Amino acid sequence: MTKSNRIRLSLVLYMNYFIHGIGLLILTQNMKALSGVWGTPLATVSYVISGVGIGRLLAYYLFGSLSDRYGRKVFIAIGMVSYTVFFIGIVLTRDFQVAYLLAILAGIANSALDSGTYPTFMEMGGNNGAANILIKAAMSVGEFILPLFIGLNENLGGWYGLSFVLAAAILLVNCLVLIRTRFPEQSRPGGKADHRLFEKGTVTARKIVLLAILSLYGYTSMALMILYTQWITLYGIGDLHMSNMQAHFLLSLYSAGSITGVLITFTLLKRALVKDVHLILTLSGLALLALLVICFSANPLVVSAASFIFGITAAGGIMQVGLNIFISLFPKARGRVTGIFFSFGSLASFTVPIFTGMLSTLSTVAALRSDLIIAAASCILWLIGYRLMRPSTEKNVSYRKERSRINLIDFLILRLLQWRFRMVRIIGVKKRDQEGQILDRAREQEIMDRIHRQIRDHENVAYYQAIFQTILINSKRYQSQIQEKGRIR
């Protein structure tokens with residue numbers, strides 16, 4: 001693939017997930033308007049939203065295997081067309097039963113996009129972890145913009161269907177670009193692989209419990225986000241007595257927190273500053289605390305700040321971290337594990353709107369506070385899972401704390417080395433311009449003497465000196481390279 005085609009394809013795929021982020025919230029953010037158009041109570045609109053989960057459950061496994069056979073582009077196009085029909089159909093229909101079928105179609109669209117997009121990024125090569133993070137970021141941008149747009153549109157007395165039509169128009173333009181965009185060559189397995197969860201003789205009670213815990217986390221992590229995004233705006237208007245714009249802005253703050261959390265999570269794990277199990281346990285606890293503040297504080301400013309923090313902790317890539325842990329425990333069944341995890345997530349998409357719709361007949365507060373039970377369940381799952389994973393993740397737990405500190409020290413050393421080499425470059429350029437010599441024995445001896453004086457544990461002097469000799473050798477090589485480039489020019 002050419003670089004220009006790779007960039008164009010990436011932009012098309014990210015734009016799809018920007019619209020997908022809008023699609024995740026567009027029904028919940030228009031619940032009042034849709035309730036009036038369909039002539040039904042809010043609980044019925046909530047039941048319609050559950051159709052998205054049914055669509056995902058029906059299509060996820062099927063589309064994943066078919067995309068291997070018929071190609072990624074076909075299923076990405078199916079997802080785009082299905083989402084377009086959903087957006088236009090919701091605006092045109094006045095029957096909530098038809099709307100339910102359209103919600104199922106939105107779930108199918110989600111499954112089609114996932115089955116084609118994630119494998120495409122893997123087949124494009126490069127930094128796949130970064131690509132997946134950007135997918136989540138693109139969704140979060142859509143989730144951030146939509147509530148602000150709807151809040152402003154409602155304040156101006158605009159038509160509720162405008163957000164649906166604009167999303168459909170963007171998808172249609174994106175689909176035209178997709179048609180003219182080449183995809184990378186599809187990778188195919190060379191032979192028959194063993195995709196069993198358990199090898200012979202490896203079935204243990206610990207692994208079975210971990211399988212159950214991580215599968216259930218697929219449900220709780222998705223349910224936590226779905227429930228919050230569905231009811232927080234109505235909670236802000238009806239119970240916190242916020243203005244329409246302020247209530248919608250709560251969800252935008254949550255989405256901004258999600259984007260921030262994605263970047264923080266990615267940075268922490270990429271630089272190995274914290275173990276994934278520790279991170280997910282910490283974030284689950286903080287998400288529960290933030291949700292407690294949201295549910296029981298009457299101060300709009302405090303709730304707004306807590307909504308941002310909740311976005312960081314509950315929607316900042318924590319679900320993907322859980323999936324990575326799941327895959328690492330069952331590495332020979334990656335596809336099956338992914339299917340199990342997201343199937344439980346799809347079950348959440350189906351059930352949460354139903355039981356919260358029932359609770360909403362009591363009050364919006366009851367619907368939102370039920371999220372506390374889900375957040376507490378996530379914490380309990382990870383407390384148990386952490387205890388079970390400790391023997392497998394650390395065979396000798398006696399030096400786990402020391403290794404964590406070494407990771408931090410290595411990070412600081414690397415930062416200082418990068419700073420040192422920037423200074424080496426500046427000196428190298430000056431030496432080149434002044435035609436100075438790279439080797440300066442007096443300077444090197446001065447450095448080594450100073451290091452010798454500063455070392456306190458003298459039994460390790462030779463090791464420290466060897467390390468700094470290596471730094472000096474590579475600094476001279478770097479300056480030689482700078483001078484060589486200058487002569488070529």
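If you're wondering where the values come from, they're calculated on a predicted model, not measured in any experiment.

J.: Give me the lowdown on the layout of surface pockets, citing residues and values where you can.
T.: By volume, the second largest pocket amounts to about 430 Å³. Arg420, Val424, Arg443, Ile447 and Leu472 are the residues nearest the centre of the second largest pocket, which is lined by 19 residues in total. Those elements that provide at least two residues to the lining of the second largest pocket are helix H16 (400-433), helix H17 (441-454) and helix H18 (461-488). Ranked by residues supplied to the lining of the second largest pocket, first place goes to H17 with 6 residues.

J.: Hey, could you go over the pattern of salt bridges for me, with residue numbers and the actual values?
T.: In this structure the tally under the stated criterion is 3 salt bridges. One salt bridge in this structure joins Asp433 and Arg432, with 3.4 Å as the shortest N-O distance. On the basis of relative accessibility, which here comes to 28%, the residue Arg432 falls in the partly exposed class. With a closest N to O distance of 3.5 Å, Arg443 and Glu446 form a salt bridge. Taken together, the residues Arg443 and Glu446, both in helix H17 and 3 residues apart, mark about one turn of the helix. Note on Arg443: relative accessible area 39%, which makes it partly exposed. The exposure class assigned to Glu446 is partly exposed, which follows from its relative accessible area of 42%.

Cut-offs applied
Residues numbered from 1 in each chain as written. Predicted model: local features only at pLDDT ≥ 70, side-chain atom pairs only at ≥ 80, totals over all residues. Heavy atoms only, no water. 1 Å grid on protein atoms, 1.4 Å probe; cavity = no way out; pocket = protein on both sides within 12 Å on 5 of 7 lines; lining within 4 Å. Points joined across faces, edges and corners; volume = space filled by probe spheres on them. Helix = DSSP H or I, 4+ residues; strand = E, 2+ residues; numbered from the N terminus. Salt bridge = Lys/Arg side-chain N within 4 Å of Asp/Glu carboxyl O. Buried < 20%, exposed > 50% of the residue type's maximum accessible area, 1.4 Å probe, protein only.

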